[in-house]
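The chain contents come next:
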Amino acid sequence: ATPTALMVGIGRGATLGILVKGQDALEASGTITTVVLDKTGTLTTGSMTAHRLAPVDGVTEQELLAVAAAVERGSEHIIARAILTAAENRGIEIAPVAGLTAHPGRGASGQLHGEPVLVGSRAFLLDHAIDVPDEPDAADNLDNSTGQAAETSVLVARGRLLLGRIGLRDTIKRDARTAVAALHAQGMKTVLLTGDTPAAAASVAARLGIDTVLAGVLPAQKADAIRSLQDSGDRVAMVGDGINDAVALAAADLGLAMVSGSDIALKSADIILVRDDLAVIPDAIALSRRTLRTIK
Ligand code: ADP
Ligand code: MG
C-alpha cells in the first residue's frame, strides 16, 4: 500500500466530516460486507420523552414517576434522563436512594426507605422475582402515523411489587431511511443491533428497511453478536454512539462512532463520524473503497 494514497484518503475524509484514526482502518474498511447499526442514539435521536405513565391499580402516576426518578439518579442512560426530566416537569421532589446501582442494558436499582426499588427491562425485574405482565404485542408498538420509533417500556418495582410501566419515545432520525437505502445500493447487508425488545427493534427495522434484527442483546453480548457474523464469513462494520457498544466497536473489522458518543467509543472506533447526518456512513464506506482502488 502506498502511504501517499492513504494520506489523500484520510485528508479527503476530513473534508467530508470523517476522521480516520489509522491508515489500517481505511485499508480494512474497503472490504466490508455488512453494516451493523446500533439503534438508540445512532438511528434514533436518543433524546427520549416519557410520554406514558401506566401505574397498576392503587398506585398514582405521581408515585410511579417519583420512585422511578429516585432510582434513575443512579444511571446515565438516556432513559434515566427522560424519566428525571418528566419528574422535574411535574415538580416531583426526588427522594434520596441508598446504594444506587446502574445495570448496563438492564436498568437501575437501590434502596428507598429500606425497601429495594428497581427500574428497568422486563427481564431485569423477572430476575429479581417480580411478577410482571407479558411483553406488549409488536402491533401495539407500531405507530405509523408519526416519525416516532416504537415505544420502549420500562417497569418500576418497590419491594416485591410492580408499581407500573413507563412508556418512552424516541425519534428516528430523518435521514435514517435514505442512509440504509444507500448502504444497500453499495451491496451492504444491514443489521440492527440493540438491547431493546424484539418488538421495538422490529418496528424500527421495518420502517427503515433494515435486513436483520438482533434484539435483546446485553452490552456484554454485543461483541459476540459481531463475532458470530464474522464467523459466518461477513466483514463487519459496526456503527454506534458508544453507550454500551464500545466493545462491539472494537470487535468489528471496522468501528465507526458517531461523534455524539462517549469518549470510550471514540477510543475503540477506527473511524469517527463528525458530520451530523447518517449519510456520512455510506460516504465513509465509499471513501474507503475509492482509497483502496487508488492503492491497487
Ligand atoms: P440500546 O441497545 O438500544 O442502546 P441498552 O442496551 O442501553 O439499549 O438498554 C436495553 C434495555 O435495558 C432498555 O431498552 C431498557 O429496557 C433497559 N435499561 C437499560 N438501562 C436502563 C435504565 N437506566 N433505566 C431503565 N431501563 C434501562
Ligand atoms: Mg445505545
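Just so it is clear, the structure is predicted and the values come from calculations on it, not from any experiment.

Thresholds, definitions, all that
Residues numbered from 1 in each chain as written. Chains lettered and ligands numbered in written order. Predicted model: local features only at pLDDT ≥ 70, side-chain atom pairs only at ≥ 80, totals over all residues. Near = placed C-beta within 6 Å. Helix = DSSP H or I, 4+ residues; strand = E, 2+ residues; numbered from the N terminus. Nonpolar A, V, L, I, M, F, W, Y, C, P; charged D, E, K, R; others polar. Pairing = 2+ DSSP bridges. Axes fitted to C-alpha atoms, helices over the stretch in contact; angles between N-to-C directions. Contact = placed C-beta atoms within 7 Å. Buried ≥ 20, exposed ≤ 12 C-beta atoms within 10 Å, placed from the backbone. pLDDT = per-residue confidence, 0-100. Arc of directions from axis to C-beta.

For the rest of this paragraph, the subject is the site of ligand 1. Lining the immediate surroundings of ligand 1 are 21 residues, of which Thr40, Ser75, His77, Ser121 and Gly195 lie closest. Elements that contribute at least two residues to the shell around ligand 1 include exactly α3 (39-43), α5 (78-89), β5 (107-112), β6 (115-120) and β7 (152-158). A class-by-class count of the residues in the shell around ligand 1 yields 6 nonpolar, 11 polar and 4 charged.

The next point concerns the sheet that holds β6. By way of backbone hydrogen bonds, the strands of a sheet pair with one another, either parallel or antiparallel. Overall, antiparallel pairing links the 6 strands, which are arranged β3-β8-β7-β6-β5-β4 in an open sheet. Whereas interior strands pair on both sides, the edge strands pair on one side only; in this sheet they are β3 (49-55) and β4 (98-103). Direction aside, the axes of adjacent strands within the sheet are offset by 15° on average. As defined by bridge partners, β3 adjoins strand β8 (residues 161-169) across 6 bridges and the pair is classed as antiparallel. Following the sheet pairing, arginine 52 is matched in β8 by glycine 167. Where helix α4 (residues 61-72) meets the sheet, its contacts fall on β3, β5, β6, β7 and β8, and the angle it forms with β6 comes to roughly 90°. Across the sheet, α5 is in contact with β3, β5, β7 and β8; its angle to β3 comes to roughly 75°.

The next point concerns unusual backbone geometry. Phi at histidine 113 takes a positive value of approximately 50°, unusual for a residue other than glycine. Mapping histidine 113 onto the fold places it in the loop between β5 and β6. A positive phi is found at alanine 129, a non-glycine position, where the angle reads about 60°. Summarising the element assignment, alanine 129 is placed in the loop between α6 (122-127) and α7 (138-141). Looking at alanine 129, the number of C-beta atoms within 10 Å reads 8, which means it is exposed.

Attention shifts here to the confidence of the model for the chain. One rule of thumb: low pLDDT means the predicted coordinates there are not for detailed reading. Across the chain, the average pLDDT comes to 87, with 90% of residues at or above 70. Taken as a whole, residues 137-146 scores under 50 in pLDDT and shows 12 contacts with residues more than four places along the chain or in a different chain. Scored as a whole, the predicted complex attains pTM 0.82, and scored at its interfaces, ipTM 0.96.

A separate point is the environment of glutamine 186. Here glutamine 186 shows up in the loop between α8 (176-185) and β9 (189-193). Looking at glutamine 186, the number of C-beta atoms within 10 Å reads 14, which means it is partly exposed. C-alpha of glutamine 186 to C-alpha of glycine 17: the two residues are 169 residues apart in sequence and 20 Å apart in space.

Those residues of helix α10 (residues 222-231) not exposed but buried are Lys222, Ile226 and Leu229. Projected down its long axis, α10 carries its buried residues within an arc of 60°, all on one side. For α10, the secondary structure elements touched by its buried residues are β2 (34-38), β9, β11 (236-240) and α11 (246-251). The first or second residue beyond α10 is glycine 233, which carries a positive phi of 100°.

Let us look at the environment of valine 191. Among the secondary structure elements, valine 191 is positioned in strand β9. Distance in space between the C-alpha atoms of valine 191 and valine 236 is 9.9 Å, their sequence separation being 45 residues. Setting aside residues no more than four positions away along its own chain, valine 191 makes contact with Thr34, Val36, Leu37, Asp211, Thr212 and Leu214.

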